[in-house]
Amino acid sequence: MFSGSADKKEEPFHRSKLAGGPHGLGDPDDRTLRKVESEVLVKERMRVKARKELCEPFNLAFANCAKEHGLFMPFSCQEQGQNLKNCIRKYFEDPEFEKKMQEEYLEERAEYRRTGISKKKRERMEALSQLNAQANQQQSK
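Because the structure is predicted, anything quoted here is derived from the model rather than measured.

Criteria and cut-off values
- Residues numbered from 1 in each chain as written.
- Predicted model: local features only at pLDDT ≥ 70, side-chain atom pairs only at ≥ 80, totals over all residues.
- Heavy atoms only, no water.
- Disulfide = S-S within 2.5 Å.
- Helix = DSSP H or I, 4+ residues; strand = E, 2+ residues; numbered from the N terminus.
- 1 Å grid on protein atoms, 1.4 Å probe; cavity = no way out; pocket = protein on both sides within 12 Å on 5 of 7 lines; lining within 4 Å.
- Points joined across faces, edges and corners; volume = space filled by probe spheres on them.
- Nonpolar A, V, L, I, M, F, W, Y, C, P; charged D, E, K, R; others polar.
- Expected span 1.5 Å × (residues − 1).
- Polar contact = N/O pair within 3.5 Å; in protein donor to acceptor, adjacent residues only side chain to side chain.
- Patch = residues over 30% accessible without salt bridge, like charges linked within 9 Å, V, L, I, M, F, W, Y side chains within 5 Å.
- Areas by Shrake-Rupley, 256 points an atom, 1.4 Å probe, with all protein chains shown as cover.
- Salt bridge = Lys/Arg side-chain N within 4 Å of Asp/Glu carboxyl O.
- Buried < 20%, exposed > 50% of the residue type's maximum accessible area, 1.4 Å probe, protein only.
- Contact = heavy atoms within 4.5 Å.

1. Considerations on the state of the cysteines
Then, in step 1: Tallied over the full model, the rule gives two disulfides.
Then, in step 2: Covalent S-S linkage joins Cys55 and Cys87, the inter-sulfur distance amounting to 1.9 Å. Residues Cys55 and Cys87 are joined by a disulfide whose S-S torsion is about -90 degrees; by sign, that bridge is left-handed. Taken as a pair, Cys55 in the loop between helix H2 (35–54) and helix H3 (56–69) and Cys87 in helix H5 (residues 78–92) lie far apart in primary sequence, 32 residues in all.
Then, in step 3: Covalently, Cys65 is tied to Cys77 through a disulfide, its sulfur atoms 1.9 Å apart. Taking the sign of the S-S torsion, about -95 degrees here, the bridge from Cys65 to Cys77 comes out left-handed. Here the residue Cys65 occupies a position in helix H3, and Cys77 occupies one in the loop between helix H4 (73–76) and H5, the gap between them amounting to twelve residues.
Then, in step 4: When the bonded cysteines of the chain are counted from the start of the sequence, the pairing works out to 1-4, 2-3.

Structure, rendered in structure tokens:
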């Protein structure tokens, strides 16, 4: 447990990768993923993209069945649920899709580290500027 040597010191944990960059948010050019990013954040991105975009017909079929059958949905919508699961599983097992989602995540993270503005906040700012532009156009008429 103790080495017996008072002169031997452990290297302190340096947060150079996490605290660098122009806004102290990390190096924007760092392409490495932490464990939580690769195992949680990228997987969540994969799930959302597969469910909402790539498997949309299966998702809609399952949602419509659930609305139609209410409380009996677990019994009545098994086929639609299985089709949706199979579609999502197909993308989760595709290494090319995972690589694509990692690249999207890394680009989004790099932009955040460069600007200090999250994607969500950037989207809100863009929507607000569009609303302002529309209001200015209507006032000038």
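2. Examining the layout of surface pockets
Then, in step 1: Roughly 190 Å³ of internal volume is contained in the largest pocket.
Then, in step 2: Forming the walls of the largest pocket are Leu41, Glu44, Arg45, Val48, Lys49, Lys52, Glu53, Glu104, Tyr105, Glu108 and Lys119.
Then, in step 3: The leading source of residues in the lining of the largest pocket is H2, at seven residues.
Then, in step 4: Split by residue class, the lining of the largest pocket holds three nonpolar, no polar and eight charged.

3. Some thoughts on helix H6 (residues 95–115)
Then, in step 1: Along its 21 residues, H6 runs 30 Å from first to last C-alpha, staying within 8% of the 30 Å computed at 1.5 Å per residue.
Then, in step 2: Regarding H6, its N-cap is Asp94, as a side-chain oxygen of that residue lies 3.1 Å from the backbone nitrogen of Glu96 further along.
Then, in step 3: One or two steps after H6, the chain reaches Gly116, where phi turns positive at roughly 80 degrees.

4. Quick look at a nonpolar patch on the surface
Then, in step 1: A surface patch of nonpolar side chains, about 230 Å² in accessible area, is lined by Val36, Val40 and Leu41.
Then, in step 2: Mapped onto the secondary structure, Val36 falls in helix H2.

5. Description of the side chain of Asp30
Then, in step 1: By the element assignment, Asp30 lies in the loop between helix H1 (16–19) and H2.
Then, in step 2: Overall, the relative accessible area of 14% leaves Asp30 in the buried class.
Then, in step 3: Within the local environment of Asp30, its side chain forms a polar contact with the side chain of Thr32, the two groups lying 2.7 Å apart.

6. With respect to the environment of Cys55
Then, in step 1: Judged by relative accessible area, which is 0%, Cys55 ranks as buried.
Then, in step 2: Sequence separation between Cys55 and Ile88 is 33 residues; the distance between their C-alpha atoms is 6.8 Å.
Then, in step 3: Residues contacting Cys55, with those up to four places away along its chain left out, are Ala50, Leu84, Cys87, Ile88 and Tyr91.

7. Describing the pattern of salt bridges
It is possible for side chains of opposite charge to pair when their charged atoms get near one another.
Then, in step 1: For the coordinates displayed, the defined rule picks out 13 salt bridges.
Then, in step 2: Of the charged contacts, one joins Glu111 and Arg114 as a salt bridge, the two residues approaching to 3.6 Å between their closest N and O atoms. Taken together, the residues span about one helical turn, with Glu111 and Arg114 both in helix H6 at a distance of three residues.
Then, in step 3: On the basis of relative accessible area, Arg114 is assigned to the partly exposed category, the value being 37%.
Then, in step 4: In the salt-bridge network here, residues are joined through shared partners; they are Arg45, Lys49, Glu53, Glu104, Glu108 and Lys119.

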